[in-house]
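Structural features, examined
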Amino acid sequence: MDVTTQEFKHCVLVEASGRIDSQTAPRLQEAFDELLEEDRYTIVFDMSEVEFLSSAGLRVMIGVQKTCKRWNRGELILADVPERIHEALDLAGFIPLFTFYDTAIEAVGNC
Amino acid sequence: MPHDRSARQITLKQTFPGQLDSLAAIGDLVTEAAHAADLDARDVYGIQLAVDEACSNIIQHAYNGERQGPIECICQVSDKGLSVTIRDRGEPFDPSSVPEPDLESDLEERDIGGLGVYFIHQMTDEVHFDCTAEGGNEVTLIKRRRKDA
């Protein structure tokens, strides 16, 4: 898995690619933690290049969302979620917990 | 990857070190077997997710850490679909001890526990947990090929 971040005025765009599993999820957590430590709480997570996401990745996402949404200071927004991963998020009951956009550009534009 | 349906009786067997960086290679093996079994794209992903969750559980719970023992994967492709048997030599795992997943609470109360085992059941047609003669665990995950596939 690779993860990159790109700062915008009103949000930060995080792009991950490859597999997010128990091995790689801690690296994703670190990338988010760095942003949270800088008080960046509005984060767009571009998932278009994520090939695989296990419950270890879901654990990271829910934890980050809890931190971002505290005191209404921000949100973790999901963009361009691949179909298979969207189905897994749906099974896990995650759909009501996140805002979804079809593309990262659209998500960043709405922050 | 084209496969001759008439001769579909393939077994892929491989033993991996019980460590988290084996998960990608285990995923590759299962994906290869799932394609050989002609599972559709959704089911290829589903069985890969179920096996990943099972193997993560082995490392983190049965072995209680990395490099404590092997993970043996046996993928059996048949006309009906794919069966994946995973064996470890770790502590006995009782699936009934895993809490039901919380799928509905509000964000603040949402607990992620139990999602791995939930995915194992949701992504397969049959799951059998058992103990091996050597005192480890054996789990068999079965995904049947859809009739219209």
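Each remark here, short or long, concerns the structure printed above.
Keep in mind that this is a model prediction, so the values were computed, not measured. (Residues numbered from 1 in each chain as written. Chains lettered and ligands numbered in written order. Predicted model: local features only at pLDDT ≥ 70, side-chain atom pairs only at ≥ 80, totals over all residues. Heavy atoms only, no water.)

**Observations regarding the sheet that holds strand β5 (residues 99-101) of chain A**
Residues and elements named next belong to chain A. Heads up, the rule is: What makes two strands pair is DSSP finding at least two bridges between them. Helix and strand definitions follow DSSP, with helices as H or I runs of at least four residues and strands as E runs of at least two, each counted in order from the N terminus. Axis geometry follows a simple rule: fit a line to the C-alpha atoms, using only the stretch in contact for helices, then measure angles between N-to-C directions, giving values from 0 to 180 degrees.
On the basis of which strands lie adjacent, the open sheet formed by five strands has the order β1-β2-β3-β4-β5 and mixed pairing. Whereas interior strands pair on both sides, the edge strands pair on one side only; in this sheet they are β1 (2-7) and β5. Neighbour-to-neighbour, the strand axes of the sheet open up by a mean angle of 25 degrees, direction not taken into account. In the sheet, strand β4 (residues 75-79) pairs with β5 via three bridges, with the strands oriented parallel. Pairing of A79 across the sheet is with Y101, part of β5.

**Re the pairing of strand β2 (residues 70-77) of chain B**
Residue and element names in this part refer to chain B. Our working rule: Summary of the burial criterion: residues with accessible area below 20% of their type's maximum are buried, those above 50% are exposed, and those between are partly exposed, where the area comes from a 1.4 Å probe applied to protein chains only.
Burial of β2 is extensive: six of the eight residues sit out of reach of the surface. Pairing of strand β1 (residues 10-17) with β2 involves eight bridges; the strand directions are antiparallel. What sits directly across from T15, in β2, is E72. Summarising the sheet, β2 and strand β3 (residues 81-87) pair through six bridges and their orientation is antiparallel. Across the sheet, the residue bridging to I74 is T85, located in β3. What sits between the antiparallel neighbours β2 and β3 is a turn of three residues.

**Observations regarding the environment of B:P70**
All names here are of chain B. Inclusion rule: We call two residues in contact whenever any of their non-hydrogen atoms come within 4.5 Å of each other.
Inspection of the secondary structure assignment puts P70 in strand β2. When its relative accessible area of 23% is taken as the criterion, P70 is described as partly exposed. Along the backbone, P70 and R145 are 75 residues apart, and their C-alpha atoms lie at a distance of 29 Å. The residues touching P70, leaving out its near neighbours within four places in the chain, are T15, F16, G18, Y63, R87, D88 and R89.

**Brief notes about the interface of chain A and chain B**
For the record, the criterion: Each of two parts loses accessible area, computed with a 1.4 Å probe, when they are put together; buried area is these two losses added. Note on definitions: salt bridges are taken to be side-chain nitrogens of Lys or Arg within 4 Å of carboxyl oxygens of Asp or Glu. Under this definition, polar contacts are N or O atom pairs within 3.5 Å; protein pairs additionally need one hydrogen-donor-capable and one acceptor-capable atom, and for neighbouring residues in sequence, both atoms have to be side-chain atoms. Residues were grouped as follows: Ala, Val, Leu, Ile, Met, Phe, Trp, Tyr, Cys and Pro as nonpolar; Asp, Glu, Lys and Arg as charged; and all remaining residues, including Gly, as polar.
Residue-level contacts link 25 residues of chain A with 27 residues of chain B. Summed over both sides, the interface of chain A with chain B buries roughly 2,300 Å², with 61% coming from carbon and sulfur. The interface formed by chain A and chain B contains two salt bridges. Where B:D52 meets A:R19, a salt bridge forms, and the shortest distance between an N and an O atom there is 2.8 Å. Between chain A and chain B we count 10 residue pairs in polar contact (both at pLDDT 80 or more) in total. If you list the elements that add at least two residues to the side of chain A that touches chain B, you get β3 (42-53), α2 (55-69) and α3 (83-91) of chain A. When residues in the side of chain A that touches chain B are grouped by element, the largest group, seven residues, is from α2(A). Considering only residue class, the side of chain A that touches chain B consists of 10 nonpolar, six polar and nine charged.

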